[in-house]
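The primary structure of each chain is shown beneath.
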Amino acid sequence: MKCTATANSNIALIKYWGKADDKLFLPTNSNLSITLEGLNSHTTVDFSSDYKEDMVNIDGKNMEGEKKEKVVKQLNLIRNIANSNLKAKVVSKNNFPSAAGMASSASGFAALTVAACASLGMNLDKKQLSIISRQGSGSSCRSIYGGYVEWVKGKKSEGSYAVKVADENYFDIRDVIAIVEQEEKKVSSRAGMAETIKTCPLYKSRVDAAEDNLLKIKRAIKEKDFSEIGKIAEFDCLLMHATMIATIPSLLYWSPATIKIIKLVQEWREEGLESYFTIDAGPNVHILTLPENEKEIVKRLREINDVKDIKSCKIGGDAALTEKHLF
Ligand code: DP6
């Protein structure tokens, strides 16, 4: 049966950077993100006896090698659960540049998981979908839900899943993304986090701090305290990047433009334009702000030459099935 799903990307406010179990994708610390409206993956999956092998097409290109393998591995996991040996055709489109710190793997694996499970006739709840999605790409388990979403780290596979902390309508904050580079990053998150765990002596301190920051940010979300949310998110981002930079060899994902924007955000804040930054494993800067400041921030970013594109996102909703098939 042909099934199609869409899922939004997400940006972590408390980051996931490291696995306690590489095979099961259990994170070293529980983490939390907001789902981003309008940055999405749209994926059609058809399992059928008509196909002799799996076919994977992303953004108009037939995938081969490592990228195809990651998708096939996820299809195998889902086939195993459903007890099926049918091959699949997968067609997926992202409406934003992939692999430049904009988490296309998060929306991509969430949409793939929802569409593939439905295509094999499995009737799963969101918790089960997040457990399966997690094993394709960790951060994707959070994209099963909209709103503010926690990934509970767990000690075994069934204990590691996403939960909705607050709905997308609970507290309206915005993520204005300054895109300074659109090329694929040289070291993937997957490879990078494994190196950090192995070689960075600061690693454990950041994991301990992340657990504490997670409790604090959940309280701030509950209280709709934007300043506190922003401060904690920025701090955790810097803690994660400190461990990346102090990895051997060093993982410096920032470009000069990244630092320029970090400094500007700090200046804007001093002036009273309240905003905070967070950055994934890439050079692009996510600026968290309140709805009333969004326009001004976009205007100021437009004046910076190094900013190649700007995306402004509200908090988005759950991954969902749709009838809009891609083939
Ligand atoms: C910096 O989820 O892409 O974006 O589980 O190996 O697929 P794998 O890694 P991935 O890593 C995301 C890292 C991050 C932080 C985050 O989203 O929490």
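1. What to know about the overall build of the protein chain
Turning to step 1, where the next piece is worked out: Looking only at helices and strands, the protein chain has 8 helices and 14 strands in total.
Turning to step 2, where the next piece is worked out: The C-alpha atoms of the protein chain give 19 Å as radius of gyration, which agrees with the globular expectation for 327 residues (20 Å, within 12%).
Turning to step 3, where the next piece is worked out: Once the C-alpha set of the protein chain is aligned to its principal axes, its extents read approximately 60 × 40 × 40 Å.
Turning to step 4, where the next piece is worked out: The 327 residues of the protein chain split such that 55% are buried.
Turning to step 5, where the next piece is worked out: Residue pairs in contact within the protein chain that sit at least 24 positions apart in sequence constitute 76% of those at least 6 positions apart.
Turning to step 6, where the next piece is worked out: Surface summary for the protein chain: the accessible area is close to 14,300 Å², and the carbon and sulfur share equals 51%.
Turning to step 7, where the next piece is worked out: On the protein chain, the mean spot of the 46 positive side-chain charges and the mean spot of the 43 negative ones are 3 Å from each other.

2. Quick notes on the sheet that holds strand β12 (residues 285-289)
Turning to step 1, where the next piece is worked out: Pairing in this open sheet of 4 strands is antiparallel, and the strands run β11-β12-β10-β13 from one edge to the other. With partners counted over all chains shown, the strands left at the sheet margins are β11 (275-278) and β13 (309-313), one partner each. When strand polarity is set aside, the average angle formed by the axes of neighbouring strands in this sheet is 25°.
Turning to step 2, where the next piece is worked out: For strand β10 (residues 174-179) and β13, the ladder comprises 5 bridges, and the chain directions are antiparallel. Bridge assignment links Ile 179 to a residue of β13, and that residue is Asp 309.
Turning to step 3, where the next piece is worked out: Packing of helix α7 (residues 256-271) onto the sheet brings it into contact with β10, β11 and β12, and relative to β11 it is tilted by some 155°.
Turning to step 4, where the next piece is worked out: Most of the contacts of helix α8 (residues 291-302) go to β10, to which it runs at about 5°, and overall it touches β10, β11, β12 and β13.

3. Quick look at the pattern of salt bridges
Turning to step 1, where the next piece is worked out: Scanning the entire structure with this criterion turns up 20 salt bridges.
Turning to step 2, where the next piece is worked out: For Arg 300, the salt bridge goes to Glu 296, with nearest N and O atoms at 2.8 Å. Here the residue Arg 300 and the residue Glu 296 both occupy positions in helix α8, the gap between them amounting to 4 residues, near one helical turn.
Turning to step 3, where the next piece is worked out: Overlapping salt bridges, with partners in common, bring together Lys 126, Lys 164, Asp 167, Glu 168 and Asp 318 in one network.

4. Some remarks on the domain arrangement of the protein chain
Frequently, the measure chosen for interface size is the accessible area removed from exposure when the parts meet.
Turning to step 1, where the next piece is worked out: According to the domain assignment, the protein chain contains domain 1 (2-168 + 316-322) and domain 2 (174-313).
Turning to step 2, where the next piece is worked out: Distance from the C-alpha centre of domain 1 to the C-alpha centre of domain 2: 23 Å.
Turning to step 3, where the next piece is worked out: Counting from both sides, the interface comprises 35 residues of domain 1 and, opposite them, 45 residues of domain 2.
Turning to step 4, where the next piece is worked out: Here domain 1 and domain 2 share an interface that buries about 3,200 Å² over both sides, 66% of which is from carbon and sulfur atoms.
Turning to step 5, where the next piece is worked out: The tally of links from domain 1 across to domain 2 stands at 3 salt bridges.
Turning to step 6, where the next piece is worked out: One can count 12 residue pairs in polar contact (both at pLDDT 80 or more) joining domain 1 with domain 2.
Turning to step 7, where the next piece is worked out: At the level of secondary structure, the elements contributing two or more residues to the side of domain 1 that touches domain 2 comprise β1 (2-14), β4 (31-48), α1 (65-82), β8 (148-152) and β9 (161-166).
Turning to step 8, where the next piece is worked out: The leading source of residues in the side of domain 1 that touches domain 2 is β4, at 6 residues.
Turning to step 9, where the next piece is worked out: Taken together, the residues of the side of domain 1 that touches domain 2 sort by class into 19 nonpolar, 9 polar and 7 charged.

5. Section: unusual backbone geometry
Turning to step 1, where the next piece is worked out: The step from Ile 248 to Pro 249 runs through a cis peptide bond, and the omega angle for that step is -10°.
Turning to step 2, where the next piece is worked out: Following the sequence through the fold, Pro 249 ends up in the loop between α6 (226-245) and α7.
Turning to step 3, where the next piece is worked out: Phi at Phe 25 takes a positive value of approximately 60°, unusual for a residue other than glycine.
Turning to step 4, where the next piece is worked out: Along the chain, Phe 25 turns up in the loop between β2 (19-21) and β3 (26-27).
Turning to step 5, where the next piece is worked out: Accessibility expressed as a relative area gives 3% for Phe 25, which makes it buried.
Turning to step 6, where the next piece is worked out: In the Ramachandran plot, Lys 224 falls in the positive-phi region, its phi being about 55° despite a non-glycine side chain.

6. Observations concerning the site of the ligand
Turning to step 1, where the next piece is worked out: Taken together, 16 residues lie around the ligand, and Tyr 16, Lys 19, Ser 137, Gly 138 and Ser 139 are the ones closest in.
Turning to step 2, where the next piece is worked out: Residue Asp 280 places a side-chain N or O atom 3.3 Å away from an oxygen atom belonging to the ligand.
Turning to step 3, where the next piece is worked out: Expressed as a share of its isolated accessible area of 460 Å², the protein-covered part of the ligand is 94%.
Turning to step 4, where the next piece is worked out: Looking at the shell around the ligand element by element, the count peaks at 3 residues for helix α4 (residues 189-199).

7. Concerning the state of the cysteines
Two cysteines, two sulfur atoms, one covalent bond between them: this is a disulfide.
Turning to step 1, where the next piece is worked out: In the structure shown here, the tally under the stated rule is 0 disulfides.
Turning to step 2, where the next piece is worked out: No disulfide involves Cys 237; its sulfur sits 15 Å from that of Cys 200, the nearest cysteine.

8. Points about the environment of Asn 284
Turning to step 1, where the next piece is worked out: One can find Asn 284 in the loop between β11 and β12.
Turning to step 2, where the next piece is worked out: Between the alpha carbons of Asn 284 and Ile 14 there is a distance of 17 Å; along the sequence they are 270 residues apart.
Turning to step 3, where the next piece is worked out: Of note is the side chain of Asn 284, whose polar atom sits 2.7 Å from the backbone nitrogen of Val 180.
Turning to step 4, where the next piece is worked out: Separated by 3.2 Å, the side chain of Asn 284 and the backbone nitrogen of Glu 181 make a polar contact.

Rules used in this analysis
- Residues numbered from 1 in each chain as written.
- Predicted model: local features only at pLDDT ≥ 70, side-chain atom pairs only at ≥ 80, totals over all residues.
- Heavy atoms only, no water.
- Helix = DSSP H or I, 4+ residues; strand = E, 2+ residues; numbered from the N terminus.
- Rg over C-alpha atoms; globule rule 2.2 N^0.38 Å.
- Buried < 20%, exposed > 50% of the residue type's maximum accessible area, 1.4 Å probe, protein only.
- Contact = heavy atoms within 4.5 Å.
- Areas by Shrake-Rupley, 256 points an atom, 1.4 Å probe, with all protein chains shown as cover.
- Lys, Arg positive; Asp, Glu negative; His and termini not counted.
- Charge placed at Lys NZ, Arg CZ, Asp CG, Glu CD.
- Pairing = 2+ DSSP bridges.
- Axes fitted to C-alpha atoms, helices over the stretch in contact; angles between N-to-C directions.
- Salt bridge = Lys/Arg side-chain N within 4 Å of Asp/Glu carboxyl O.
- Domains from an automatic or database assignment.
- Buried area = accessible area lost by both parts, 1.4 Å probe.
- Polar contact = N/O pair within 3.5 Å; in protein donor to acceptor, adjacent residues only side chain to side chain.
- Nonpolar A, V, L, I, M, F, W, Y, C, P; charged D, E, K, R; others polar.
- Near = heavy atom within 4 Å.
- Disulfide = S-S within 2.5 Å.

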